[in-house]
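Structure at a glance
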Amino acid sequence: MQLTDTSASIWEKGYNNYGPWLKQKYPGHRVFKVIVDGNFTCPNRDGSKGFGGCTYCNVDSFTPSVSRNASTIKQQVMEGMERARQGNKADKFIIYFQPNTNTYAPVHYLKALYDEALSYCPEDIVGLSVGTRPDCIDAEKIALLESYTDRFDVDLEMGMESIYNETLGQINRGCTHDDLLVALELVKDSKLDICVHTIFGLPGESKEMMLKYADEINRYPQIKFVKFHHLHIVEGSVMGVKYKRDPFKLFSLDEYAEFLCELLPLVRPDVVIQRLFGLSDRDLLIAPNWGLKKSEIQYYIDQKILSNGVVQGSALNQ
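What counts, and where the lines are drawn
- Residue positions are given per chain, counted from 1 along the sequence in the order it is written.
- Predicted model: local features are reported for residues with pLDDT of at least 70 only, side-chain atom pairs are reported and counted for 80 or more only, and whole-chain, interface and lining totals are derived from all residues.
- Heavy atoms from the whole structure form the basis of all side-chain values; hydrogens and water molecules are not counted.
- Burial classification: accessible surface area is computed with a 1.4 Å probe over protein chains only, and a residue below 20% of its type maximum counts as buried, one above 50% as exposed, and the rest as partly exposed.
- A run of DSSP states H or I qualifies as a helix once it reaches four residues; a run of E qualifies as a strand once it reaches two. Both are numbered from the N-terminal end.
- Think of it this way: DSSP has to see at least two bridges between two strands before they count as a pair.
- Comment: arc refers to directions from the helix axis out to C-beta atoms.
- The contact rule is simple, with two residues in contact once any of their heavy atoms fall within 4.5 Å.
- A 3.5 Å cut-off defines polar contacts: any pair of N or O atoms within that distance qualifies, except that in protein one atom must be a possible hydrogen donor and the other a possible acceptor, and neighbouring residues in sequence count only when both atoms are side-chain atoms.
- To get an axis, fit a line to the C-alpha atoms, keeping to the stretch in contact for a helix; angles then go from 0 to 180 degrees between the N-to-C directions.
- Here the angle decides the label: under 35 degrees means roughly parallel, over 145 means roughly antiparallel, 65 to 115 means roughly perpendicular, and every other value means oblique.
- Each crossing is labelled by how the near helix is turned from the far one, with a counterclockwise turn of less than a right angle marking it left-handed and a clockwise turn marking it right-handed.
- Residues are grouped as follows: Ala, Val, Leu, Ile, Met, Phe, Trp, Tyr, Cys and Pro are nonpolar; Asp, Glu, Lys and Arg are charged; all remaining types, including Gly, are polar.

The name given to the chain in an unreviewed UniProt entry is TIGR01212 family radical SAM protein, with the source organism recorded as Mucilaginibacter antarcticus.

Have a look at this one:
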């Protein structure tokens, strides 16, 4: 297959891999994401859309404990950079507003937080990444994020989770797939790099239903990045309580790796895969516990992809 203008080194694993993509984009540098907690809430928690949040969600499950314990925005950036320099030999950074809904505030407030985060060692910052819900995006907030693109690469990450409104209703998502499509239309000609986040294995969805996610991603050329996660059940979530009472089928590691081997050939080759799976802290994880470290899971999946001869986007040329 033709790899468009993407360097072949990115395709050593059979898919358009974010790590090598970063190395190609920022040659000679090690780039690391620094997670920042802006103390946001969510319209699905504060009563605007609902209470309790999405049924699978415990914010602490996807936020490293070291990021939860810092105080000011600037201090979080300072300490995050230092950890990355010491532990990962990083020298360039992407400031990542991750927990909760990071556009859920007036624009003047958002600007103050983003400005503070980008004010520490700006010469070492290459990007700003903002995670949010599609129903918390509007033209004014897009314009604010675009105002940083003359200095940084700006990545707007939105939770798609599922493409099925019935599923989104069952998990108390508080928004519909149509909300995502509206947001994608707003950024159709934007300078922002758009990332969507999906969850595979939500109750009631068959493999055939989940493979259709690729069709939806492929429809929107403004989607540059994706994060694929498998459903994991965590303490402190509504789904966690239900799962303990009445366990339901979750992916085994081999099943999930095999599923990715079917999914990746269906995904446009220009889409950069930021993640193939998610993993919460061990003390919060209920299931599935694959008994491996993150690096071991990554290795297992990568080997499965390679051994199966999988190439991202290959099925689209058939």
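That shown, we press on.
**Digging into the pairing of strand β4 (residues 153-161)**
The side chains of a regular strand alternate between both faces of the sheet. A large share of β4 lies buried, amounting to eight of its nine residues. Strand direction decides the pairing type here: strand β3 (residues 125-132) and β4, joined by six bridges, are parallel. In the strand pairing of β4, glycine 127 is matched with aspartate 153. With six bridges joining them, β4 and strand β5 (residues 193-200) adopt parallel strand pairing. Bridge pairing links glutamate 161 to threonine 198 in β5.

**Topic: helix α5 (residues 139-146)**
Every buried residue belonging to α5 is among Lys141, Ile142, Leu144 and Leu145, and all of these are buried. For α5, the arc enclosing every buried residue in end-on projection is 155 degrees, short of the 170-degree limit, so these residues lie on one face. For α5, the exposed residues lying more than 90 degrees away from the buried face are Ala139 and Glu140. On the buried face of α5, the contacting elements are α4 (107-117), β3, β4 and α7 (177-186). Measuring from the backbone nitrogen of glutamate 140 back to the side-chain oxygen at the start of α5 gives 3.1 Å, which picks out aspartate 138 as the cap.

**Some points on the packing of α4 against α5**
Helices that pack against each other are described as a pair by the angle of their axes relative to one another and the distance between those axes. Between α4 and α5, the least distance of the axes is 10 Å, while the angle of their chain directions is 20 degrees. The angle between α4 and α5 places the two elements in the roughly parallel class. For α4 against α5, the interelement crossing comes out right-handed. For the pair α4 and α5, contact is made by Val107, Leu110, Lys111 and Tyr114 and by Glu140, Lys141, Leu144 and Leu145, respectively. Counted by class, the contact of α4 with α5 contains five nonpolar, no polar and three charged residues.

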